[in-house]
Amino acid sequence: DGIGNVNYNYISLATLRDKVPEIEPRKEIETVDKPIIFSLTINANYKYVYETLIDSSQKSKWLRGVTNIKFNEERIHRIGSSHECIIPVGNLLFETLEDYEDNDKRIYTEFSNGSFLSPPFYENYIIEKQAEKTTHVQVALHMHGKGIQKLLQKPIAKAFKKAMFRFKNICEGKALTLQRP
């Protein structure tokens, strides 16, 4: 009684189904039995910590040895997004595999294909709001290496842990020249 007539047009899209490309299956996250895990508390807002982590233009500030980062600035960061870290011994390509939020907790996972020296690995971040300006971050590195790559896992993990402390300093607004873990 109250809405009157509604005009509409109907067009069947069934003929277009064959033209829609098949979606690639989502890459499975391959864990290892003993990932390298470390945690830190950052005195900064939860959302700011997450946004700083995924901001490809900022990564070279806290990842030592990365001389440049290539990424598509016009593309919105989401699952399937990628960026390439340019380092002196080759390039590392990263792809976002997981990114979801549930009640002040964010799960974010990237995969790197590795390089000649670096094994393929997954970085799994759990970012949790503790208070308005306090955030807990846990990182699990799942490295899949053989031969010389296996021998380099500990030094790579150590360098990554130092990078996370530089990340913490950036999030907290501290000058990187003052503190080098």
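What counts and what doesn't
- Residues numbered from 1 in each chain as written.
- Predicted model: local features only at pLDDT ≥ 70, side-chain atom pairs only at ≥ 80, totals over all residues.
- Heavy atoms only, no water.
- Salt bridge = Lys/Arg side-chain N within 4 Å of Asp/Glu carboxyl O.
- Buried < 20%, exposed > 50% of the residue type's maximum accessible area, 1.4 Å probe, protein only.
- Phe/Tyr/Trp six-rings, centres within 6.5 Å; stacked < 30°, edge-to-face > 60°.
- Helix = DSSP H or I, 4+ residues; strand = E, 2+ residues; numbered from the N terminus.

1. Examining the pattern of salt bridges
- If you walk through the whole model with that rule in mind, you get six salt bridges.
- A salt bridge links Glu101 to Arg106; the shortest N-O distance between them is 3.4 Å.
- In this structure Glu101 comes out as partly exposed when scored by relative accessible area, which is 37%.
- With a relative accessible area of 16%, Arg106 lands in the buried category.
- In this structure, a network of salt bridges that share partners links the residues Lys47, Asp99, Glu101 and Arg106.

2. Thoughts on the packing of aromatic side chains
- Under the defined criterion, the tally for this structure stands at six aromatic pairs.
- Between Phe94 and Phe121, the ring centres sit 5.8 Å apart and the planes meet at 75 degrees, which makes this aromatic pair edge-to-face. Taken together, the residues Phe94 in strand S4 (residues 90–101) and Phe121 in strand S6 (residues 121–131) connect sequence positions 27 residues apart. The burial state of Phe94 is the same as that of Phe121; both residues are buried.
- On the numbers, 6.1 Å between centres and 40 degrees between planes, the contact of Tyr108 with Tyr125 is tilted. Of this pair, Tyr108 sits in strand S5 (residues 105–112) while Tyr125 sits in strand S6, and the two are 17 residues apart along the sequence.
- For Tyr108, a relative accessible area of 1% gives the class buried.
- These aromatic residues form a ring-pair network of at least three members: Tyr50, Tyr108 and Tyr125.

As far as function goes, none of this settles anything; it's purely spatial.
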